Every structure is written in C-alpha cells, then in structure tokens.
Amino acid sequence: MSTDTATPDAESDPVGYFLDDITYHGKSDRTRASYERVLRDFESYLTDGHQAIPIREASHRDCMAYVHSLRGNVEESTVATYASYLHRFFAYMTQVGVFDSNPMTLVMEEMDESINTDPTRREIDLQSMRTFVESISHPLERAIVVTLLKTGMRAGELCNLDIRDLNLETPGPRPKIPVRAGLDGRPDTLFVAADPTRGEPSNGEERTASNKRKRETTIPVDAELGSVLRRWLAIRPDTLSPAEPLFVSTSDSWGERLTPNMVHHIVESHAREFGWYTDGGGAEENVTPHYFRHFFTTHLRDRTGDRGVVKYLRGDVAQDVIDTYTHEWGTRVRDVYEAEIYSLL
C-alpha cells in the first residue's frame, strides 16, 4: 500500500486503517471482528447525544466517560476488555504517527488503581508468607514459589523460562548454556519473553502455555532468589528438550518442562497445609499462583509508591510506555526493585 493511498484512509477512517493493519499483522478474523465491534461502538458513543467528536480528537475524559457508561450493562471483565482494545488502538495509531497521543493511558492507570481491591480477597501479611515459604523444603517447589512471589510473573510465564533466560553473576551449577543476547551485561537478571504461544514451538520446543506480556521484560534477581535458584540448579535433572527448560519435573514426568497444571498442583498442596486452599473456595479465597501475582503487586506497589515500575515488572506496560523503563534499567527499575523488594527467607 503506497503512502498516497494509506494517508486518506488513516484520516477519513482511522478505525478501518487500524483494522486493516492488524489483519496484515496476522490477527484472525475473529480478533478483527472483536476490535471492530468495540471501536465502532466507541465511535457511535462519541456522536450520540452531543456534538460529534472525531475519534482522533477524543480526550481522556471522553474515554473515561465511555468506560463508565459500560458499567452496569456488562461484566467488569468485559469493561476491562473494551478498555484494553481502545488502549491498543490509540497506542498503535500514536506509534505509527497517525494520532498525536494516547488518551487511554491515563484511563488505564486509573483502572489499575482499582485492581485487587475486592474486600473478600484473602490478605496474607508478609510474616505469614515468610513462614509459608520456609515450610517448603524441596528445592524445585521452593524455587517455584519464591520466583512467583519475587517477580509477579504468571505460572505459564514461569513454565516457559529456559536456562538461557537466567543470567546469574555467580552462576553456580547451571548448565553451560549461553544466556540470550538480551541478558548480556545484565547479571542477576531474568528475561521473560512475550512471544511463546501455547501449541507453537519456541527455542526448539512446543510450549504448553502462552506468555501474556505486552512486550519482553527483564526482571532483577536479588540475592535471595539467586540463592534459591542455584540450589534448584544443583539438583535439576537432565532433560531431552533442546530448549533446556529452567524448571523441569522431578516426579512422574521426570526431566520434562513443568506445565501450569503442575505449578498449580504444587502451590495448592502447600496452601492446603496452611488452610489457604479449600475445595469450593473461590478465586478470592484460595491461594494459587495467581494470588502470588496479587501479593507481589500490592506489596511492592505499597512499598515503592511507583506504579510504573511495578507495571513494568508485571509485564503490563504497553509499547508506547515500556521504552522509558527499559532505557532507565540501571538506575530506575533495578534500583527501586533492589531497595524495596521484600525478603522471604
């Protein structure tokens, strides 16, 4: 498509321009239809009942008002989905230079403030969590729990880690596998990729889970996590996988990459011993790998007061924001993390 053809389309129909682009990028017809439904609904909202506003001129207040109008009519999860579609649309159009800014950035930050405030959610204090971690003696199981608690990553993202994704300044007994290029010069760091997809090969192995990050993330490894990982690597079984997974089974599936179900089972078994998991208990009551993500988010955000750094570490920062943190790795993200991350052992 030539510039002469693309420019009028972007000016006269930004939504159509965006939909064409995501199709070219390989998005499915179903995904395109979902985006189109939300974006056209937002366009209709901007022209319904008041002076028409072109979508390119929508302000953050227009976006907030639209999101607010959805509440009570659809589930909160659907509200979040609609908001994420708008955010990605504006982020993309800003990135390619069609729009000047992304009005959804502020809206998403405000929505993030309300995350994990359900009064029915179990709340575990830091000392109780320390007691829980200290009760786990198996090197693999302790490494899983401490990694989840120290990084806020999802169970599937943990399962997708390969040996090359870990760069320890004092490597200990890790296999002699070079770290990936993105970790060169970054000791004591974990790399969480954005691209692994369930059912598709990555680094030579078909994956059992998808990563859900908006972009690759590098996460500091503090002394405590580093020690736990070295202890695990000292007993890690050999594996036939060419990808050399970081976490592999030490039970029935000996030497095979862990799956999210295995991780859930390990966490559940220990949570039951503490009375933190009961059959029939809801997601807010039972302690699962996802609860550890909540624990990481709330405790680190309360300690740092820096939502941006926490969002970066969680992998929630979109393309239009993430470079700010990447470029300040040595000064902002690592310094804030190392100064504020809680101890567990």
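For the structure itself, look to the data block above.
Residues numbered from 1 in each chain as written. Predicted model: local features only at pLDDT ≥ 70, side-chain atom pairs only at ≥ 80, totals over all residues. Heavy atoms only, no water.

Draft legend 1. The arrangement of the overall build of the protein in detail. Within the protein, the regular secondary structure consists of 15 helices and 5 strands. A total of 345 residues make up the protein; the buried ones form 47% of that total. Residue pairs at least 24 apart in sequence account for 63% of intrachain contacts in the protein once pairs closer than 6 positions are excluded. For the protein, the accessible surface area stands at approximately 16600 Å², while carbon and sulfur atoms represent 46% of it. (Helix = DSSP H or I, 4+ residues; strand = E, 2+ residues; numbered from the N terminus. Buried < 20%, exposed > 50% of the residue type's maximum accessible area, 1.4 Å probe, protein only. Contact = heavy atoms within 4.5 Å. Areas by Shrake-Rupley, 256 points an atom, 1.4 Å probe, with all protein chains shown as cover.)

Draft legend 2. Summary view of the pairing of strand 5 (residues 217-220). Every second residue of strand 5 is oriented toward a common face, with Thr217 and Ile219 on one face and Thr218 and Pro220 on the other, all of them buried. Pairing of strand 2 (residues 189-192) with strand 5, which is carried by 4 bridges, proceeds in the antiparallel orientation. What sits directly across from Phe191, in strand 5, is Thr218. (Pairing = 2+ DSSP bridges.)

Draft legend 3. View of the side chain of Arg207. Mapped onto the elements, Arg207 comes out in the loop between strand 4 (205-206) and strand 5. Residue Arg207 is classed as buried on the basis of its relative accessible area of 2%. Within polar-contact distance, the side chain of Arg207 engages the backbone oxygen of Asn160 at 2.9 Å. (Polar contact = N/O pair within 3.5 Å; in protein donor to acceptor, adjacent residues only side chain to side chain.)

Draft legend 4. Focus on the nonpolar core. Formed by 54 residues in total, the largest nonpolar core has its most connected members in Met129, Ile144, Phe247, Val263, Phe292 and Leu313. It is helix 8 (residues 139-151) that provides the largest number of residues to this core, a total of 7 residues. Among all residues touching Phe292, those that are not within four sequence positions of it are Met129, Phe132, Val145, Leu148, Leu149, Val267 and Val287. Membership of the second largest hydrophobic core comes to 32 residues, among which are Leu70, Ala83, Phe90 and Met111. (Core = buried A, V, L, I, M, F, W, Y, C linked by side-chain atoms within 4.5 Å.)

Draft legend 5. View of helix 11 (residues 260-273). Across its 14 residues, helix 11 extends 20 Å between first and last C-alpha, which sits within 8% of the 20 Å expected from 1.5 Å per residue. What helix 11 keeps buried is the set Pro260, Val263, Ile266, Val267, His270 and Ala271. The buried residues of helix 11 all sit within an arc of 130° when viewed along its axis, so they share a single face. Residues of helix 11 that are exposed and angled more than 90 degrees away from the buried face: Asn261, His265 and Glu273. In this structure, the buried residues of helix 11 make contact with helix 7 (126-134), helix 8, helix 9 (155-159) and helix 12 (289-304). Residue Gly275 follows helix 11 closely and has a positive phi angle near 75°. (Expected span 1.5 Å × (residues − 1). Arc of directions from axis to C-beta.)

Draft legend 6. View of the sheet that holds strand 2. The 3 strands lie next to each other as 1-2-5, forming an open sheet whose pairing is antiparallel. The two strands at the open ends of the sheet, each matched to only one other strand, are strand 1 (166-167) and strand 5. Here strand 1 pairs with strand 2 via 2 bridges, running antiparallel. Within the sheet, the bridge partner assigned to Asn167 lies in strand 2 and is Thr189.

Draft legend 7. Inspection of the environment of Arg213 at higher detail. Following the sequence through the fold, Arg213 ends up in the loop between strand 4 and strand 5. Note on Arg213: relative accessible area 6%, which makes it buried. Within the local environment of Arg213, its side chain forms a polar contact with the side chain of Thr217, the two groups lying 3.1 Å apart. Within the local environment of Arg213, its side chain forms a polar contact with the backbone oxygen of Leu313, the two atoms lying 3.0 Å apart.

Draft legend 8. The arrangement of the packing of helix 12 against helix 13 (residues 307-314) in detail. Close contact between helix 12 and helix 13 brings their axes to 9 Å; oriented N to C, the two are set at 155°. Taken together, the axes of helix 12 and helix 13 lie roughly antiparallel to each other. For the crossing formed where helix 12 meets helix 13, the hand is right-handed. Each of Arg293, Phe296, Thr297, Leu300, Arg301 and Thr304 in helix 12 lies in contact with helix 13, whose residues at this interface are Arg307, Val310, Leu313 and Arg314. Of the residues that constitute the contact of helix 12 with helix 13, the class distribution is 4 nonpolar, 2 polar and 4 charged. (Axes fitted to C-alpha atoms, helices over the stretch in contact; angles between N-to-C directions. Parallel < 35°, antiparallel > 145°, perpendicular 65-115°, else oblique. Left-handed = near helix turned anticlockwise from the far one by under 90°. Nonpolar A, V, L, I, M, F, W, Y, C, P; charged D, E, K, R; others polar.)

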